[in-house]
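Structural overview for review
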Amino acid sequence: MEQKAKESLNELNKRFQRASSPEILAYFLTNFKGNIAFASSMGAEDQVLTEMIASIDKETRIFTLDTGRMFPETYEAIDRTNARYKINIDVMFPEQQQVEEMVKQKGINLFYESIGNRKQCCHIRKMVPLKRALHGLDVWISGLRRSQSVTREELELVEWDDNNGMIKLNPLIDWTEEQVWAYIEEKNIPYNKLHDQGFPSIGCQPCTRAIQEGEDVRAGRWWWENPEHKECGLHVK
Ligand code: SF4
């Protein structure tokens, strides 16, 4: 990345240091209109962002990745969110041939066998569709928060995403889990019903379990792996 572009990201980070999330979003949705999209996993943070984005500019593209291994509750959350905000979230699917070949070679539940297999599955079912969804854009928005896990402590509000060659905006970077849920309650935002059943972080059905009291919020994701490996690749720097 060029020095000049790095400086302008530093400036944006300074400029929005004390700004609210809706203020930050309003700036980016206006200045990058048509070249910006929000990647929603339909998680609690993403529902907060959908509410904010829909109230600023309903034409903003919002997409989600359907890996083919999602919980039924996640599909239901997509429907309720579309109905509530009168939007139409784009659902991105993996390449059929890649999925079929992977399953034929390694089995339907290959991810339990090795980190390599798990990463291959995430690559085919998430990374490839994400790249397709982001193609040609300047900015993508994510609902990441610093306090979510050890892999997310180094996040910045505005950062350069080398993998996708564009700016990544994390408007909820400094929010706490409590703030997220207070906002959902205050605005009566629709959310995935699994959150009420001990699932703070929801991904694919075979790779997500409920957590016990006192466990880390990401403990239920790929629970058989060490914490420092627990990213699907979508948010790896
Ligand atoms: Fe595959 Fe699990 Fe990754 Fe989903 S989370 S893409 S099922 S390895």
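Rules behind the numbers
- Residues numbered from 1 in each chain as written.
- Predicted model: local features only at pLDDT ≥ 70, side-chain atom pairs only at ≥ 80, totals over all residues.
- Heavy atoms only, no water.
- Near = heavy atom within 4 Å.
- Nonpolar A, V, L, I, M, F, W, Y, C, P; charged D, E, K, R; others polar.
- Pairing = 2+ DSSP bridges.
- Helix = DSSP H or I, 4+ residues; strand = E, 2+ residues; numbered from the N terminus.
- Axes fitted to C-alpha atoms, helices over the stretch in contact; angles between N-to-C directions.
- 1 Å grid on protein atoms, 1.4 Å probe; cavity = no way out; pocket = protein on both sides within 12 Å on 5 of 7 lines; lining within 4 Å.
- Points joined across faces, edges and corners; volume = space filled by probe spheres on them.
- Parallel < 35°, antiparallel > 145°, perpendicular 65-115°, else oblique.
- Left-handed = near helix turned anticlockwise from the far one by under 90°.
- Contact = heavy atoms within 4.5 Å.
- Buried < 20%, exposed > 50% of the residue type's maximum accessible area, 1.4 Å probe, protein only.
- Arc of directions from axis to C-beta.
- Lys, Arg positive; Asp, Glu negative; His and termini not counted.
- Salt bridge = Lys/Arg side-chain N within 4 Å of Asp/Glu carboxyl O.

Details of the site of the ligand
All residues adjacent to the ligand are Phe111, Arg118, Cys121, Cys122, Arg125, Lys126, Cys204, Cys207 and Trp222. Partitioned by chemical class, the residues of the shell around the ligand number 6 nonpolar, no polar and 3 charged.

Comments concerning the sheet that holds strand β5 (residues 158-161)
The strand order β3-β2-β1-β4-β6-β5 describes an open sheet built from 6 strands, whose pairing is mixed. The sheet is open, and its two borders are formed by β3 (90-92) and β5, each paired with just one other strand. Here the average twist between neighbouring strands, direction ignored, is 30°. As paired elements, strand β1 (residues 36-39) and strand β4 (residues 139-141) share 3 bridges and run parallel to each other.

As for empty space enclosed by the protein
Tallied over the entire structure, the rule returns 3 cavities of 30 Å³ or more. Its boundaries defined by the atoms lining it, the second largest cavity holds a volume of some 100 Å³. What lines the second largest cavity is simply Thr67, Arg69, Phe111, Arg118, Cys121, Cys122, Arg125, Lys126, Cys204, Pro206, Cys207 and Trp222. For the lining of the second largest cavity, the class distribution of residues is 7 nonpolar, 1 polar and 4 charged.

Focus on the pairing of strand β6 (residues 166-169)
Note that β4 and β6 share 3 bridges and pair parallel. Within the sheet, the bridge partner assigned to Trp140 lies in β6 and is Lys168. Between β5 and β6, which pair antiparallel in sequence order, lie 4 residues; one of them, Gly165, sits at a positive phi of approximately 65°.

Points about the packing of helix α3 (residues 44-56) against helix α7 (residues 177-187)
Their axes nearest at 9 Å, the elements α3 and α7 cross at an angle of 50°. Classified by the angle between their axes, α3 and α7 sit oblique to one another. Regarding α3 and α7, the two cross each other, and that crossing is left-handed. Along its contact with α3, which presents Ala44, Glu45, Val48, Glu51 and Met52, the element α7 presents Val180, Trp181, Tyr183, Ile184 and Lys187.

Regarding unusual backbone geometry
In this structure, Met42 is a non-glycine residue whose phi angle is positive, near 70°. By the secondary structure assignment, Met42 is in the loop between β1 and α3. Even without being a glycine, Asn188 presents a positive backbone phi close to 55°. Examined against the element boundaries, Asn188 turns out to sit in the segment after α7. What makes Asn188 exposed here is its relative accessible area of 58%.

A few points about helix α2 (residues 21-31)
For α2, the full list of buried residues reads Ser21, Ile24, Leu25, Phe28 and Leu29. Down the axis of α2, the smallest arc covering the buried residues is 120°, so these residues share one side.

Thoughts on the side chain of Asp66
With respect to the helices and strands, Asp66 occurs in the loop between β2 (61-65) and α4 (72-85). Look at Asp66: it is buried, it has no salt bridge, and the nearest opposite charge is Arg125 at 7.4 Å.

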